[in-house]
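Structure at a glance
Each chain, written out:
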2 protein chains.
Amino acid sequence: MLTYTLDKRNGVSLYEQLYEHVKGDITEGKLRTGEKLPSKRALAHHLEISVVTVENAYDQLMAEGYVRSEEKRGYYVCAVDRPLRSGKGAAEPEEPDEKSWFLDFVTNSTDGEFFPFDTWSRLMRRTILNKSTTLLRSTPSTGALQLRQAIAAWLMAFRGMSVSPSQIILGAGTESLYSLLIKLLGRDKVYAVEDPGYGKIAKIYDSEDVSVSRIALDEDGLSVTELRRSGADVVHISPSHHYPTGIVMPIGRRQELLRWAGEREDRYVLEDEYDSEFRFVGRPIPTLFSADEHQRVIYLNTFSKTIAPSIRVSYMILPPRLLAEYYSRLGFYACPVSSFEQYTLAEFLAKGHYEHHLSRMKTRYHKKRDAVIAAIRKGLPRAEITEQDAGLHFLVRLDTDLPDDVLRRRAAQRGIRLALLSDYYSDPGQATAHVLVVNYSGIQLQRLEEGLRRLNEIWGE
Amino acid sequence: MLTYTLDKRNGVSLYEQLYEHVKGDITEGKLRTGEKLPSKRALAHHLEISVVTVENAYDQLMAEGYVRSEEKRGYYVCAVDRPLRSGKGAAEPEEPDEKSWFLDFVTNSTDGEFFPFDTWSRLMRRTILNKSTTLLRSTPSTGALQLRQAIAAWLMAFRGMSVSPSQIILGAGTESLYSLLIKLLGRDKVYAVEDPGYGKIAKIYDSEDVSVSRIALDEDGLSVTELRRSGADVVHISPSHHYPTGIVMPIGRRQELLRWAGEREDRYVLEDEYDSEFRFVGRPIPTLFSADEHQRVIYLNTFSKTIAPSIRVSYMILPPRLLAEYYSRLGFYACPVSSFEQYTLAEFLAKGHYEHHLSRMKTRYHKKRDAVIAAIRKGLPRAEITEQDAGLHFLVRLDTDLPDDVLRRRAAQRGIRLALLSDYYSDPGQATAHVLVVNYSGIQLQRLEEGLRRLNEIWGE
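What counts, and where the lines are drawn
- Here, residues in each chain are numbered from 1, in the same order as that chain's written sequence.
- Starting at A for chains and at 1 for ligands, labels are handed out in the order in which the entities are written.
- For this predicted model, a pLDDT threshold of at least 70 governs which residues receive local features, and a threshold of 80 or more governs which side-chain atom pairs are given and counted, while totals over whole chains, interfaces and linings are taken from all residues.
- Side-chain calculation: all heavy atoms of the structure are included, whereas hydrogens and water are not.
- Numbering goes from the N terminus for both helices and strands, where a helix is a DSSP run of H or I of at least four residues and a strand is a run of E of at least two.
- Here the globule rule is a power law, 2.2 Å times the number of residues to the power 0.38, and the radius of gyration is based on C-alpha atoms.
- Burial status follows relative accessibility: with a 1.4 Å probe on protein chains alone, a residue under 20% of its type maximum counts as buried, one over 50% as exposed, and anything between as partly exposed.
- The contact criterion used throughout is that any non-hydrogen atoms of two residues lie within 4.5 Å.
- Every accessible area reported is derived by Shrake-Rupley at a probe size of 1.4 Å, with residue values counting cover from the shown protein chains alone.
- A pair of strands is treated as paired once DSSP finds two or more bridges between them.
- Lines fitted to C-alpha atoms define the axes, with helix axes restricted to the stretch in contact, and inter-axis angles between N-to-C directions lie between 0 and 180 degrees.
- The source of the domain bounds is an automatic or database domain assignment.
- Values labelled buried area give the accessible surface lost by two parts on being combined, using a 1.4 Å probe and summing over both.
- For this document, the term salt bridge refers to a Lys or Arg side-chain nitrogen within 4 Å of an Asp or Glu carboxyl oxygen.
- Pairs of N or O atoms within 3.5 Å make up the polar contacts considered here, provided that, within protein, one atom can donate a hydrogen while the other can accept it, and that residues adjacent in sequence are counted only when both atoms are side-chain atoms.
- Pairing of aromatic side chains here covers Phe, Tyr and the six-membered ring of Trp, requires ring centres within 6.5 Å, and sorts the geometry by plane angle: under 30 degrees stacked, over 60 edge-to-face, intermediate tilted.
- To sit over a ring, a charge needs its Lys NZ or Arg CZ within 6 Å of the ring centre and within 35 degrees of the ring normal.
- Residue polarity is assigned by list, with Asp, Glu, Lys and Arg as charged and Ala, Val, Leu, Ile, Met, Phe, Trp, Tyr, Cys and Pro as nonpolar; anything else, Gly included, falls into the polar class.
- What pLDDT expresses is the predictor's confidence in each residue, scored from 0 to 100.
- Residues grouped as a nonpolar core are buried Ala, Val, Leu, Ile, Met, Phe, Trp, Tyr and Cys residues, joined through side-chain atoms within 4.5 Å.
- Only residues whose relative accessible area exceeds 30% and that take part in no salt bridge are eligible for patches, with like-charged residues grouped when within 9 Å of each other and nonpolar side chains (Val, Leu, Ile, Met, Phe, Trp, Tyr) grouped when within 5 Å.
- His is not counted, nor are the chain ends, whereas Lys and Arg count as positive and Asp and Glu as negative.
- For the purpose of locating charges, the reference atoms are NZ of Lys, CZ of Arg, CG of Asp and CD of Glu.
- The directions considered for the arc are those from the helix axis to the C-beta atoms.

For the rest of this paragraph, the subject is the overall build of chain A. Counting its regular elements, chain A contains 16 helices and 16 strands. The C-alpha atoms of chain A give 24 Å as radius of gyration, which agrees with the globular expectation for 461 residues (23 Å, within 12%). When its C-alpha atoms are laid out on the principal axes, chain A stretches across 70 × 55 × 50 Å. The buried share among the 461 residues of chain A stands at 58%. Relative to all contacts within chain A whose residues are 6 or more apart in sequence, the contacts with residues 24 or more apart total 71%. A total of about 19,100 Å² of accessible surface is found on chain A, and carbon and sulfur atoms cover 47% of it.

This part is about the sheet that holds strand β14 (residues 393–397) of chain B. All names here are of chain B. A sheet is described by the order of its strands in space; here three strands give the open sequence β13-β14-β16, paired in antiparallel fashion. The sheet terminates laterally at β13 (384–386) and β16 (435–439), the two strands that pair on one side only. Taking the axes of each pair of neighbouring strands and ignoring which way they run, one obtains an average angle of 25° across the sheet. Here five bridges tie β14 to β16, and the two strands are oriented antiparallel to one another. Within β16, the residue paired with Arg-397 across the bridge is Val-435. Docked against the sheet, helix α14 (residues 353–379) engages β13, β14 and β16, running at close to 10° with respect to β14.

Moving on, we come to the pairing of strand β2 (residues 67–70) of chain B. Residues and elements named next belong to chain B. Direction of pairing for β2 relative to strand β3 (residues 74–77): antiparallel, over a ladder of four bridges. Across the sheet, the residue bridging to Glu-70 is Gly-74, located in β3. Counting the residues between successive antiparallel strands, the hairpin from β2 to β3 contains three residues, one of them, Lys-72, with a positive phi of roughly 65°.

Residues and elements named next belong to chain A. When the domains of chain A are assigned, the result is domain 1 (14–77), domain 2 (103–111 + 356–460) and domain 3 (132–351). Its C-alpha centre places domain 2 at a distance of 28 Å from the equivalent point of domain 3. Listed as interface residues are 22 residues of domain 2 and, on the opposing side, 24 residues of domain 3. For the pair domain 2 and domain 3, the summed buried area comes to about 2,200 Å², and 64% of that belongs to carbon and sulfur atoms. Linking domain 2 with domain 3 are zero salt bridges, by the criterion used here. Our count for the contact surface shared by domain 2 and domain 3 stands at eight residue pairs in polar contact (both at pLDDT 80 or more).

This model, assessed by the stated rule, comprises 44 aromatic pairs over all chains. Put simply, the rings of Phe-115, Phe-117, Trp-120, Trp-154, Phe-158, Phe-289, Tyr-299, Phe-303, Tyr-315, Phe-348 and Tyr-354 of chain A together with Phe-340 of chain B touch in pairs and so form one group of aromatic residues. The ring of Phe-102 of chain A has Arg-454 of chain A lying over it, and the distance from NZ or CZ to the ring centre is 3.9 Å.

Take the interface of chain A and chain B next. Interface extent is often summarised as the accessible area lost during association of the parts. Counting residues at the interface gives 85 residues for chain A and 81 residues for chain B. Carbon and sulfur atoms make up 58% of the area that chain A and chain B hide from each other, which totals about 6,900 Å². Among the residues chain A hides against chain B, the three largest losses belong to Leu-136, Arg-283 and Phe-332 of chain A. Together they make up 11% of the total. In this assembly, chain A and chain B are joined by six salt bridges. Its salt-bridge partner being Arg-187 of chain B, residue Glu-208 of chain A comes within 3.5 Å of it at the nearest N-O pair. Applying the counting criterion to the chain A and chain B interface returns 19 residue pairs in polar contact (both at pLDDT 80 or more). The element best represented in the side of chain A that touches chain B is helix α4 (residues 117–130) of chain A, accounting for six residues. Among the residues forming the side of chain A that touches chain B, the class breakdown is 41 nonpolar, 22 polar and 22 charged.

This paragraph deals with the confidence of the model for chain A. Residues and elements named next belong to chain A. Summing up the model confidence of chain A, the mean pLDDT is 86 and the portion of residues at 70 or higher is 93%. Note on residues 82–97: pLDDT under 50 across the span, and 39 contacts to partners over four residues away in sequence or across chains. For this predicted complex, the interface confidence comes out at an ipTM of 0.83, alongside a pTM of 0.81.

Formed by 178 residues in total, the largest nonpolar core has its most connected members in Leu-257, Phe-303 and Val-438 of chain A together with Leu-257, Phe-303 and Val-438 of chain B. The next biggest cluster of nonpolar side chains, apart from the first, holds 58 residues, and it includes Leu-181 of chain A together with Ile-169, Leu-177 and Leu-323 of chain B.

Turning next to the sheet that holds strand β8 (residues 221–222) of chain B. All names here are of chain B. Ordered in space as β5-β12-β11-β10-β9-β6-β7-β8, the eight strands form an open sheet in which the pairing is mixed. What marks the edges here is a single partner per strand, and that holds for β5 (168–171) and β8. As paired elements, strand β9 (residues 234–237) and strand β10 (residues 268–272) share four bridges and run parallel to each other. In the sheet register, Val-235 faces β10, and the bridge partner there is Val-269.

Moving on: a positive patch on the surface. A cluster of like positive charges, contributed by Arg-122, Arg-125 and Arg-126 of chain A together with Arg-122, Arg-125 and Arg-126 of chain B, occupies part of the molecular surface. At the level of elements, α4 of chain A together with α4 (117–130) of chain B are the ones that each hand at least two residues to the positive patch. Mapped onto the fold, Arg-126 of chain B is located in helix α4. Owing to a relative accessible area of 33%, Arg-126 of chain B belongs among the partly exposed residues under this scheme.

Next up on the list: the environment of Ala-308 of chain B. Along the chain, Ala-308 of chain B falls in the loop between β11 (297–302) and β12 (314–317). Considered as a pair, Ala-308 of chain B and Phe-114 of chain B are 194 residues apart in the sequence and their alpha carbons are 9.3 Å apart.

Once that is clear, we can look at the pattern of salt bridges. Residue and element names in this part refer to chain B. Summed over all chains, the structure comprises 64 salt bridges over all chains. Linking Arg-296 and Glu-265 is a salt bridge whose minimum nitrogen-to-oxygen distance equals 3.4 Å. You can see Arg-296 sitting in the loop between α11 (288–291) and β11 and its partner Glu-265 sitting in the loop between α10 (251–262) and β10, a full 31 residues away along the chain. Residue classification places Arg-296 among the buried residues on the basis of a relative accessible area of 4%.

Residues and elements named next belong to chain B. Among all positions of helix α2 (residues 40–47), only Leu-43, Ala-44 and Leu-47 are buried. The buried residues of α2 occupy an angular sector of 100° when projected down its axis, which confines them to one face. Seen from the open side of α2, the exposed residues pointing more than 90 degrees away from its buried face are Arg-41 and His-45. Close packing links the buried residues of α2 with α1 (14–27) and α3 (51–63).

Right, let's get into the side chain of Glu-347 of chain A. Residue and element names in this part refer to chain A. Residue position: Glu-347 is located in helix α13 (residues 339–350). For Glu-347, a relative accessible area of 18% puts it in the buried group. With sequence-adjacent residues up to four places away left out, Glu-347 is seen in contact with Leu-123, Arg-126, Gln-146 and His-353.

Residues and elements named next belong to chain B. Its place among the elements puts Asp-25 in helix α1. Given a relative accessible area of 12%, Asp-25 falls into the buried group. Taking the C-alpha atoms as reference points, Asp-25 and Leu-2, 23 residues apart in sequence, are found 9.6 Å from one another. Beyond its immediate sequence surroundings of up to four residues, Asp-25 is in contact with Tyr-4, Lys-30 and Leu-31.

Set out below in structure tokens:
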């Protein structure tokens, strides 16, 4: 049983003391991932404090993700990346370090061999030669005109989007653009995100101190009925390829969403495309931005997914009605992207290298996806693969009754990092259990057979 | 039966033509909601095309939500709104454009000739060659360890600062770090800025929706008495070289400031060094960060000023007590700096190029400053120059009674862009009038004589 000395007179409430003790034990590894905590009643009895005090401490630990509860079973320690010492005094926390997994289904890294190093290096050298003076001036707040022109031309040719370069604003990763958008649209607004969804987006809104509303999805994607009910002003979605379900929002739902946005002056839809370029079947899905008649859609995309995570260049497209306000209120911000990279990327786009690169990547990812699927069919014959036509992940429903956290823990013990569909729900129900999200782009194929063999051990255990 | 004319020779694949025709009929209402489409086989036969072509068209229509299939029954038209026009809407504002000034005393740009293009280009090429795999992984949230180690080594050698790489967090320009700091320290805090001061800082806090308090300066810099009176929690200052007055905060005031910070748990000092490297006389001013015993100082600096504005790499140093909180609450943010640039800069620092570059820049700026001062003494003989020993600007008190806005307007009419001391005060008094802030690093020396001749015309007008 956990034994701590709590001091009623030290000015810190008992529940905070208990919370700090338990958190300390978790981050220091004294309490291990998956370990069951004593029941509230038992711990209260043991420490001679009230059940409410334990409850408050457990609630805080759950809110911060150190502990989770399983209905009717109890409280369990969550996986915390790496011991962070509390760093109160001179001692500093150890650097959080990436564990090297034998097989990692979480990280969608790009294969090194795919990147056109020679071309990039040549363009960069040429940029440095030709542009010496320009390079040393900072670009406009929105980014170098040459790059915005190249992006506009590309969007017209390959996405059928008619956009003026002056509507394009560059960012250093989409995260920096979300922050800018909150400043533009207002911190007093309620922002709706998809549930399930890419958890980082809700975390970013939380860290920006804005209200976040999680909107349930149905089979057509984000439910506009739920959205309406939530009272949200702005909704952040990925209609072309939802993560992790892979849902493509059908035209009917898109129109419903645009009608919702058109009803009020301050409603906006943030259309966040993160991997729509990798659609293996058919034509690209038209954007919501292009279907929008009321200038209520802000389109976001990034080159980090399609070229390399190390390229921190993303962009957003504002509807014309927002431009004057952007320039007057936020135009003083400096563009956060290095000019070297902006001009190199502009050439990469304008000279057709990007198109060529995408088409090679598509072919390779398509092959890789097929190889991964074939290996899974062979190695996990009773699993059900939900194939998608696009993107860098797909879903696999496992034939097991083991709870997701047991799966995760046992896989981790074998060097395998699992992404599970239930991770992406704010309140995962039973229906979402036992489903792997296979982010395959970074998988080392030669390890897959052995990795799947290890996974098979898990349900045999 | 649907009857369309498909043209094999118009460059668009047959399935795309068919898809466009059916989509058009659906959006125009010729095909109604719930209407059954012909089977793939029947339509293929009717249009004399292959079944695969129809299948591809139907697949695309289903992917986009125009059509749904019912197992064993066939294909049905989904509910879709009336035609969506592609209209772009309101006229867009013109791109704000930089006026080309004959002489610009505002922009502190870097001279192109100073930048070591060859070295940078060589290091970047080598980085790309040696690091291909590493480069394509995103770096940790705080930035590449190699660069943080190089920065720590440099700070130890040249600033006498003892800092662990794990305390260093990289940003894409200091602006992105301000935003991160507000998330870390709290949006409910009151942030104090210097008055006069660099106006952008207050604008950034305003745009982040935090309370800003402008604190008056006396001859020792920011007044701690005023700071105390303001009720601020966090103070943002440049103690080594204040902009635009050039004040270096003396040790007594620094200690007073540190005592203020030490009095309460949530008080912090943001020490923002932007050009302390360019100190022409004596030893570098020790940082507040080094003098701080209570872990209340956060140090910020940037390479944009010392290398080039196009290099968007800045960093901050957190005291150890803030690290655990940073990692747990904000460590999920991606590092916004391109890895190419991070590794190139790491080499630039580690191989001694940065030191060499700074020393060349110092010599050149020193000479340039002397040349600009000599030209001003000759061209504006009755002006009083306040010389500073550091940084990229100095002050010139003009012998005129013209109000500052008249000065500015008449100078602008002559192609000269003035920075005036009064611009930097929230409430400029008479004492601050008629003082030029000469940001000299970007001035073209050969134009200076003519520029000063034009300025002399102004008070003769």
